Amino acid sequence: NKFNTSIKMFETSDLNTIKTLLANKPESIRLLEVDDNSISKRIKDIKKIAIEKKLKIEIKKFKNPNKKINLIFKPSEPKNIEYLEKFLETKEDAVILLLDHITDPNNLGSILRTSLGGMVDAVVVPKSRACHLTKSVREVSKGSSELIPFVIVPNLKRITEMLKLRGFLIYGAEGSSQSESIYDTDFSKKIGLIIGSENTGIQETLKSKCDKIIKIPISDKLESLNAAIATSVIVFEINRQRTN
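Here the structure is a predicted model, which is why all the values come from computation and not from measurement. (Residues numbered from 1 in each chain as written. Predicted model: local features only at pLDDT ≥ 70, side-chain atom pairs only at ≥ 80, totals over all residues. Heavy atoms only, no water.)

Peer 1: What exactly am I supposed to notice about empty space enclosed by the protein here?
Peer 2: If you roll a probe as big as a water molecule over the atoms, it shows you where there is empty space left. Enumeration according to the criterion identifies 1 cavity of 30 Å³ or more in this entry. One number sums up the size of the largest cavity: a volume of about 80 Å³. Lining the largest cavity are Phe-10, Glu-11, Thr-12, Thr-17, Phe-73, Lys-135, Arg-138, Glu-139, Gly-143, Ser-145 and Glu-146. Of all the secondary-structure elements, those providing two or more residues to the lining of the largest cavity are β1 (10-12) and α5 (135-141). Residues that form the lining of the largest cavity fall into these classes: 2 nonpolar, 4 polar and 5 charged. (1 Å grid on protein atoms, 1.4 Å probe; cavity = no way out; pocket = protein on both sides within 12 Å on 5 of 7 lines; lining within 4 Å. Points joined across faces, edges and corners; volume = space filled by probe spheres on them. Helix = DSSP H or I, 4+ residues; strand = E, 2+ residues; numbered from the N terminus. Nonpolar A, V, L, I, M, F, W, Y, C, P; charged D, E, K, R; others polar.)

Written as structure tokens, this is what we have:
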């Protein structure tokens, strides 16, 4: 390892990810490699910001002629339940997203990006039968995986109980006819939002912990939205209510 550390470094050539890390977490960056012959304005702007932040830049001729930039950074590490408990002691009106066995990396990466954009405070997943912070997830998230707390816990049931003791309302997203529309739901309080897997939805043991089951009104010609899209719609409705 060229950086002489036991923690594996990650690389990305995605300009959105690079700009996100430069703007929000420059301390994670170890090296920026740039083709100095690139005429891209975005790449020149990135290089300028990196120089201003006194980051290490290496001029490089990439083997792939289409590659003009590469960022090497120290990836964020998952958090645990103790981190979440401590975090909640200082956070008012938090929104905690609970993902019940989401296994698709593309969905998880998209959910992380949505969560950061919609000001979710933390994303919580179970240790087993769930996707974690893989390389694919980090790539799809466009840098969001490095900024939003990603908490891995033994099981989600215990977390819902902990949140309820702290005054959170637990909402489960499911499209049944008995569910309340998200547009009729008050999201002003502390919220734990459960998103179920696309195959099985929310587990019954977890659903029993919900204060309310909510749904996104959609055309009856469509059975459901996928987990990432559904999360996006609900998170931005929560955000809309809180910022209006």
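The structure having been displayed, the exposition proceeds.
Peer 1: What am I meant to see in the layout of surface pockets here?
Peer 2: Estimates place the volume of the largest pocket at around 550 Å³. Along its surface, the largest pocket is lined by 24 residues, and Ala-173, Glu-174, Gly-175, Ser-224 and Leu-225 are the ones closest to its centre. Elements with a contribution of two residues or more to the lining of the largest pocket: β10 (191-196), β11 (212-215) and α8 (227-243). At 3 residues, the largest contribution of residues to the lining of the largest pocket is made by α8. When grouped by side-chain class, the residues that make up the lining of the largest pocket number 12 nonpolar, 8 polar and 4 charged. What lines the second largest pocket is simply His-101, Ile-102, Thr-103, Asp-104, Asn-107, Arg-129, Ser-197, Glu-198, Asn-199, Thr-200 and Gln-203. The residue inventory of the lining of the second largest pocket, partitioned by class, reads 1 nonpolar, 7 polar and 3 charged.

Peer 1: Explanation requested: the confidence of the model for the chain in the structure shown.
Peer 2: When pLDDT drops low, the exact placement of atoms in the prediction is not to be read closely. Overall, the prediction assigns the chain a mean pLDDT of 90, with 96% of residues at 70 or greater. Considering only residues more than four positions removed or in separate chains, one finds that residues 1-6, a stretch of pLDDT under 50, has 7 contacts. (pLDDT = per-residue confidence, 0-100. Contact = heavy atoms within 4.5 Å.)

Peer 1: What's the story with the sheet that holds β1 in this structure? I'm lost.
Peer 2: Strands sit in the order β1-β4-β2-β3 across an open sheet of 4 strands; the sheet is mixed. This sheet does not close on itself; its edge strands, each paired only once, are β1 and β3 (57-59). Going across the sheet, the axis of each strand differs from the next one's by a mean of 20°, ignoring polarity. Relative to strand β4 (residues 69-73), strand β2 (residues 29-34) is paired through 5 bridges, and the arrangement is antiparallel. When the bridges of β4 are listed, Leu-32 appears paired with Leu-71. Packing against the sheet, helix α1 (residues 15-24) makes contact with β1, β2 and β4, and its axis sits at approximately 45° to β4. (Pairing = 2+ DSSP bridges. Axes fitted to C-alpha atoms, helices over the stretch in contact; angles between N-to-C directions.)

Peer 1: Just to check I follow, could you spell out the sheet that holds strand β7 (residues 150-153) for this structure?
Peer 2: The strand order across the open sheet built from 7 strands is β7-β6-β5-β10-β8-β11-β9, with neighbouring strands paired in parallel fashion. Among the strands making up the open sheet, the edge pair consists of β7 and β9 (180-181). In terms of strand pairing, strand β6 (residues 122-126) meets β7 through 4 bridges, oriented parallel. In the strand pairing of β7, Val-125 is matched with Ile-152. Against the sheet, helix α4 (residues 105-117) engages β5 (95-100), β6 and β7, with an angle of about 170° to β5.

Peer 1: How do you make sense of α8 when you look at a structure like this?
Peer 2: Residue pairs three or four apart in sequence face the same way in an α-helix, which turns once every 3.6 residues. Taking 1.5 Å as the rise per residue, α8 with 17 residues should run 24 Å; its terminal C-alpha atoms sit 24 Å apart, in good agreement. Here α8 has its buried residues at Ala-227, Ala-228, Ala-230, Thr-231, Ile-234, Val-235, Glu-237, Ile-238 and Asn-239. Contacts made by the buried residues of α8 are with β5, α4, β8 (169-173), β10 and β11. The N-cap residue of α8 is Asn-226: its side-chain oxygen and the backbone nitrogen of Ala-228 are 3.1 Å apart. (Expected span 1.5 Å × (residues − 1). Buried < 20%, exposed > 50% of the residue type's maximum accessible area, 1.4 Å probe, protein only. Polar contact = N/O pair within 3.5 Å; in protein donor to acceptor, adjacent residues only side chain to side chain.)

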